[in-house]
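Residues per chain are reported as follows:
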Amino acid sequence: QVQLVESGGVLVQAGGSLRLSCTASGRTANTYGVGWFRQAPGKEREFVAAISWSVYSLTYADSVKGRFTISRDNAKKMVYLQMNSLKPEDTAVYYCAANPGGIYMLRDISAGTSWGQGTQVTVSS
């Protein structure tokens, strides 16, 4: 089981940038996919981006392609989400998540997914 802790959520103006960080601890085998989801008030949790812990494999939701970039630092066991050109509709609680089956198992929230506690991102218009 992997433990995840997010940080970096703040209030930012539309058009601005923000970087979220996720620190992983515990077992993080090479098969893991690690990534980000978000949940806005009154809406379901949605996939944002995921990256493989070993090979260079990643995937994004269409809504963030070209604006958000996911990256990782294996030595530090950290995953980052660089968010540019932020929009008010990006406002949500952002959750770090991981799944031992890889990025597509994570994207589909398959069994075995671990979650962080979430960090609030608010984009003002």
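Everything discussed here concerns the structure shown above.
Presented here is an overview of the structure given in this document.

**Topic: the environment of Ser-25**
Inference 1: The residue Ser-25 is located in strand β3 (residues 18-26) in this model.
Inference 2: Placed 82 residues apart in sequence, Ser-25 and Arg-107 show a C-alpha to C-alpha distance of 20 Å.
Inference 3: The residues touching Ser-25, leaving out its near neighbours within four places in the chain, are Gln-1, Val-2 and Gln-3.

**What to know about the state of the cysteines**
Inference 1: Scanning the entire structure with this criterion turns up 1 disulfide.
Inference 2: The disulfide partner of Cys-22 is Cys-96, and the S-S distance across this bridge is 2.0 Å. With the S-S bond torsion at -80°, the cross-link from Cys-22 to Cys-96 turns out left-handed. Taken as a pair, Cys-22 in strand β3 and Cys-96 in strand β9 (residues 92-99) lie far apart in primary sequence, 74 residues in all. Residues Cys-22 and Cys-96 agree in their burial class; the two are buried.

**Re the side chain of Asp-90**
Inference 1: Here Asp-90 shows up in the loop between β8 (78-83) and β9.
Inference 2: Only 2.8 Å separates the side chain of Asp-90 from the side chain of Arg-67, close enough to count as a polar contact.
Inference 3: Beyond its immediate stretch of four places on either side in the chain, Asp-90 contacts Arg-38, Arg-67, Phe-68, Ser-85, Val-121 and Val-123.

**As for the packing of aromatic side chains**
Inference 1: Scanning the entire structure with this criterion turns up 3 aromatic pairs.
Inference 2: Arranged with centres 5.5 Å apart and planes meeting at 75°, the rings of Phe-37 and Phe-47 form a pair that is edge-to-face. Here Phe-47 lies in strand β5 (residues 46-52) and Phe-37 lies in strand β4 (residues 33-39), a separation of 10 residues in the sequence.
Inference 3: Summarising the aromatic geometry, the rings of Tyr-95 and Trp-115 are spaced 6.4 Å apart at their centres and angled 90° between planes, so their arrangement reads as edge-to-face. Of this pair, Tyr-95 sits in strand β9 while Trp-115 is found in strand β10 (residues 114-115), placing the two residues 20 residues apart along the sequence.
Inference 4: Every member of this aromatic cluster is reached through a ring pair, and the members are Phe-37, Phe-47, Tyr-95 and Trp-115.

**Comments concerning the pattern of salt bridges**
Inference 1: All told, the structure shown has 5 salt bridges when counted by the stated rule.
Inference 2: Arg-38 is the partner of Glu-46 in a salt bridge, and the nearest nitrogen-oxygen pair spans 2.6 Å.
Inference 3: Given the relative accessible area of 6%, Arg-38 is considered buried.
Inference 4: Measuring nitrogen to oxygen at the nearest pair gives 3.3 Å for the salt bridge that ties Asp-108 to Arg-107.
Inference 5: Judged by relative accessible area, which is 35%, Arg-107 ranks as partly exposed.
Inference 6: A network of salt bridges, in which partner residues are shared, links Arg-38, Glu-46, Arg-67 and Asp-90.

Definitions and cut-offs
Residues numbered from 1 in each chain as written. Predicted model: local features only at pLDDT ≥ 70, side-chain atom pairs only at ≥ 80, totals over all residues. Heavy atoms only, no water. Helix = DSSP H or I, 4+ residues; strand = E, 2+ residues; numbered from the N terminus. Contact = heavy atoms within 4.5 Å. Disulfide = S-S within 2.5 Å. Buried < 20%, exposed > 50% of the residue type's maximum accessible area, 1.4 Å probe, protein only. Polar contact = N/O pair within 3.5 Å; in protein donor to acceptor, adjacent residues only side chain to side chain. Phe/Tyr/Trp six-rings, centres within 6.5 Å; stacked < 30°, edge-to-face > 60°. Salt bridge = Lys/Arg side-chain N within 4 Å of Asp/Glu carboxyl O.

Shape descriptors only; they carry no functional weight alone.
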